[in-house]
Amino acid sequence: ETGVTQSPTHLIKTRGQQVTLRCSSQSGHNTVSWYQQALGQGPQFIFQYYREEENGRGNFPPRFSGLQFPNYSSELNVNALELDDSALYLCASSPQVRDTQYFGPGTRLTVL
Amino acid sequence: GENVEQHPSTLSVQEGDSAVIKCTYSDSASNYFPWYKQELGKGPQLIIDIRSNVGEKKDQRIAVTLNKTAKHFSLHITETQPEDSAVYFCAAIITTGTASKLTFGTGTRLQVTL
């Protein structure tokens, strides 16, 4: 059984640019959540998608947006990048909304 | 919203000793408490979890206890080994509306020395 995968592994962008991060859910999982983890801190909840709909959001501005596709893979889009957006972005999938969340390896984003 | 506090922030133990990490949460509606281990450059890996209707759960050298009245839960690792060295995060899940959101503690860096 394949676990959660994310791409790319690392990414460097400049302030003001836009970025798209990708996540493939674990087989059989229909719920995807995205988290931002700044250096030395715990992950912070960005939003959750269930069956292609956003069903919950944390304290992140609208320039953080996402998509979930019919195969339950997902994208995180960040517009107008700021220096503080530099972080590890984690995707987690779960069989259903209330189930255990399993994390991917993350994408390290650096904004210069 | 939910707030999870975790202590200590760093913990150094000798190989073979036990390690204990403690967390408290604020929202009594939280009903599921996973623990994750994160190694350098990797995503968090679930190591054990406990639901609110259970007071204790054990899996080999790892155990978790939950006190719902006091809103405390703890991770116990016995017979620590060098490969246990990592950052450990406690978390609480609260389901609001249709979403389940994990709120993480600030992490404990565990170092197991020979």
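All residue numbers here refer to positions counted from 1 along the written sequence of the relevant chain. Chains carry letters from A onward and ligands carry numbers from 1 onward, assigned in written order. With pLDDT at 70 or above as the cut-off, local features in this predicted model cover only qualifying residues; side-chain atom pairs require 80 or more to be listed or tallied, and sums for whole chains, interfaces and linings still use all residues. Hydrogens and waters are ignored; side-chain quantities use all the structure's heavy atoms.

S.K.: For this particular structure, what's the right way to read the overall build of chain A?
M.R.: From N to C terminus, chain A includes zero helices and 11 strands. The helix and strand sequence of chain A, counted from the amino end, reads β-β-β-β-β-β-β-β-β-β-β. All radius of gyration figures rest on C-alpha atoms, and the globule criterion is 2.2 Å times the number of residues raised to 0.38. Relative to the compact-globule value of 13 Å for 112 residues, chain A shows a C-alpha radius of gyration of 13 Å, a close match. For chain A, the C-alpha atoms occupy an extent of roughly 40 × 25 × 25 Å along the three principal directions. Here chain A holds 112 residues, and 52% of them are scored as buried. Within chain A, contacts between residues at least 6 apart in sequence are counted, and of these 53% link residues at least 24 apart. Here chain A holds 8 positive side-chain charges and 9 negative ones, and the gap between their average locations is 5 Å. The helix and strand labels rest on DSSP assignments: H or I over at least four residues marks a helix, E over at least two residues marks a strand, and numbering proceeds from the N terminus. When accessible area is computed with a 1.4 Å probe and restricted to protein chains, residues below 20% of their type maximum are described as buried, those above 50% as exposed, and intermediate ones as partly exposed. Residue contacts are defined here by distance: any two heavy atoms, one from each residue, within 4.5 Å place the two residues in contact. Under this rule, positive means Lys or Arg and negative means Asp or Glu; His and the chain ends count for nothing. Just so you know, the charge point we use is NZ for Lys, CZ for Arg, CG for Asp and CD for Glu.

S.K.: Help me understand the interface of chain A and chain B in this model?
M.R.: Many analyses report the size of an interface as the accessible area lost when the parts associate. Across the contact, 21 residues belong to chain A and 21 residues belong to chain B. Carbon and sulfur atoms supply 53% of the area that chain A and chain B bury against each other, a total of about 1,600 Å² over both sides. It is Arg98, Thr100 and Phe103 of chain A in chain A that bury the most area against chain B; as a group they hold 30% of the surface buried on that side. Criterion for a salt bridge: a side-chain nitrogen of Lys or Arg within 4 Å of a carboxyl oxygen of Asp or Glu. Taken together, chain A and chain B are joined by zero salt bridges. Two N or O atoms count as a polar contact when they lie within 3.5 Å, although within protein this holds only if one can serve as hydrogen donor and the other as acceptor, and sequence-adjacent residues are included solely when both atoms are side-chain atoms. Counting the contacts that link chain A with chain B gives eight residue pairs in polar contact (both at pLDDT 80 or more). Where the side of chain A that touches chain B is concerned, the elements lending two or more residues are strand S4 (31-37), strand S5 (44-50), strand S6 (53-57), strand S9 (87-94) and strand S10 (102-103) of chain A. Three residue categories are used. Nonpolar comprises Ala, Val, Leu, Ile, Met, Phe, Trp, Tyr, Cys and Pro, charged comprises Asp, Glu, Lys and Arg, and polar comprises the others, including Gly. Of the residues in the side of chain A that touches chain B, the class split is nine nonpolar, 10 polar and two charged. By definition, the buried area sums, over both parts, the 1.4 Å-probe accessible area that each loses when the two are put together.

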